[in-house]
Amino acid sequence: MDSDEARTPKDTWTTVGKKPVVKKDKSNDSIGGGILGSTKAGSAAAKAASQIPPAKKPEAIRIREEQLNRLKKKTAPLPEAMTRRSESDSGSSSDGERQGSSQREKPLPKKVKDAVAAKPVGKPGATLEPALKKIDYKALSVEVDKAKSTGQSGDAWLKLVANHLNEKLKDVPVAASFYAEEGFTWGYPLHLAPKDLVKVFNATFSSAPKNLLEGYLEWLITDARSNYLSKQRPVHGSQLVIQYLLSKNADLISEKHLNDRTTDLKSYASRKDETIKDETLFILWAYGQVGIASFSKGFDVWYKMMFPFLSDRRYTGFIVAYLEKLFQ
C-alpha cells in the first residue's frame, strides 16, 4: 500500500501548517528574521487551518450511525452476572471466538432428534437365558391373579404379562432376537423359558376365551412395533408370549387378519427408515410362529407375507431361513 505522502498531493489543505524545509544560511539568521518570522508564519498557518471546514460524511454512513445510536438506547444492558459469564466464556473458549455468534449451535430438527433418541437400548453382550433366570415368576403370578380378581375390563390382565416381561428383559438388546444366530433357531426364545414361566403362561392363557386371545395377539404385535421397536427397545417378553400362544393354537391367526396385515406391511416395509427393518422382521417372525403348530398355515404365511419381500436384501436371509426350518 502507498504511503500517505505518495497519496497526498502538494499544496492541499492537509499540508497547511507544515513548515517547509529551508536550508538555513548562518549569515542571514537573526532574531528578527528567523525566530520571529517563523512564529508569525506558524500562527498564520494555524489560523488558515482552523478556517477549513471539516469533511462531510457520506449520507449513507451518517444514517447508519443514527440508526445504531437509536438501537443502543432501546436495548437494555445485560445483567452483571450474564456479562461476567459472557466474559469468562469468551476468555476460556477459543472455539466460540473463532465461530462467532452467527455459528452458535442451533436446535436439532425433529427428525434428527428422533434419530438420536432412537439409539439401541440394552447392555452389549447381555443374553436372554441368564436374564430369564433372574425373574421372580411367583411375583408375576401374584400380580396377574390380583389384576383378574379386581375385575379389570378387557384383556388388561393379559397385557400385564407381556409388559412385565418386556421390562425385566430390557437389558437384552434387540439384536439377540433378529440378528444373532439364535434368532433363526426354530422355537427360540420359548425353548429357553424356565419351567416357572411356562407355568405362569399355562395358568394365565389356558382359561382365556379364543376371541379374547385373538385381539390380544393383534395388540401384542401392534404394541411391540409402535411402542418398542420404533424406539429400538427390545420386545423379548412379547416374543415369548406370541410364540407360546401360536404354538398352542394356530387358529388364532385368521385368513382375514393375515391378509390385512400383509397389505399394511407392503405399504411401509419398503421405506428406508432406521427402525423399519426391525419392525418388519418382527411382524414376519410373529406371524411365522404359526408354522410351529401347522405346516400349512406356516407356508401360507411364508407365501403371502414373506415371499413379496424376498428380493429385499434386508429380509432375504430371514425369509430363506424360515422356509428351510419350516420344511425340516
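Right, let's get into the packing of aromatic side chains. With the rule as written, the count across this model stands at 14 aromatic pairs. Ring centres of Phe201 and Tyr244 lie 5.2 Å apart, and the angle between their planes is 45°; this geometry places the pair in the tilted category. Of this pair, Phe201 sits in helix α11 (residues 195-205) while Tyr244 sits in helix α13 (residues 236-248), placing them 43 residues apart in sequence. Across the pair, exposure class does not vary: Phe201 and Tyr244 are buried alike. When the ring of Phe299 is compared with that of Trp302, the centres are 5.9 Å apart and the planes differ by 25°; the resulting orientation is stacked. Of this pair, Phe299 and Trp302 are both found in helix α16 (residues 295-306), three residues apart, which corresponds to roughly one turn of the helix. Counting every residue linked through ring pairs, the aromatic cluster contains Phe295, Phe299, Trp302, Tyr303, Phe307 and Phe327. Sitting over the face of the ring of Trp157, Lys148 holds its NZ or CZ atom 4.8 Å from the ring centroid.

This brings us to the side chain of Asn166. With respect to the secondary-structure elements, Asn166 resides in helix α9 (residues 156-168). Since its relative accessible area comes to 3%, Asn166 is described here as buried. Side-chain polar atoms of Asn166 contact the backbone nitrogen of Gly237, separated by 2.9 Å. Side chain to side chain, Asn166 and Ser238 meet in a polar contact 3.0 Å long.

Summarising the model, the protein shows a mean pLDDT of 73, and 62% of its residues fall at 70 or more. Across residues 1-41 the pLDDT falls below 50, and counting only partners more than four positions away or on other chains, this stretch makes 14 contacts in the model. Here residues 75-119 is a poorly scored stretch, pLDDT under 50, and it has nine contacts once near neighbours within four places are set aside; other chains count.

What follows covers the packing of helix α15 (residues 276-288) against α16. When two helices pack together, their arrangement is given by the angle between their axes and by how far apart the axes lie. Following both chains from N to C, one finds α15 and α16 inclined at 155°, their axes separated by 9 Å at the closest point. The angle between the axes of α15 and α16 places the two elements in the roughly antiparallel class. Once α15 is placed against α16, the crossing between them reads as right-handed. Contact residues: α15 offers Ile283, Leu284, Tyr287 and Gly288, while α16 offers Val301, Met305 and Met306. When grouped by side-chain class, the residues that make up the contact of α15 with α16 number six nonpolar, one polar and no charged.

Scoring rules and cut-offs
Residues numbered from 1 in each chain as written. Predicted model: local features only at pLDDT ≥ 70, side-chain atom pairs only at ≥ 80, totals over all residues. Heavy atoms only, no water. Phe/Tyr/Trp six-rings, centres within 6.5 Å; stacked < 30°, edge-to-face > 60°. Helix = DSSP H or I, 4+ residues; strand = E, 2+ residues; numbered from the N terminus. Buried < 20%, exposed > 50% of the residue type's maximum accessible area, 1.4 Å probe, protein only. Lys NZ or Arg CZ within 6 Å of the ring centre and 35° of its normal. Polar contact = N/O pair within 3.5 Å; in protein donor to acceptor, adjacent residues only side chain to side chain. pLDDT = per-residue confidence, 0-100. Contact = heavy atoms within 4.5 Å. Axes fitted to C-alpha atoms, helices over the stretch in contact; angles between N-to-C directions. Parallel < 35°, antiparallel > 145°, perpendicular 65-115°, else oblique. Left-handed = near helix turned anticlockwise from the far one by under 90°. Nonpolar A, V, L, I, M, F, W, Y, C, P; charged D, E, K, R; others polar.

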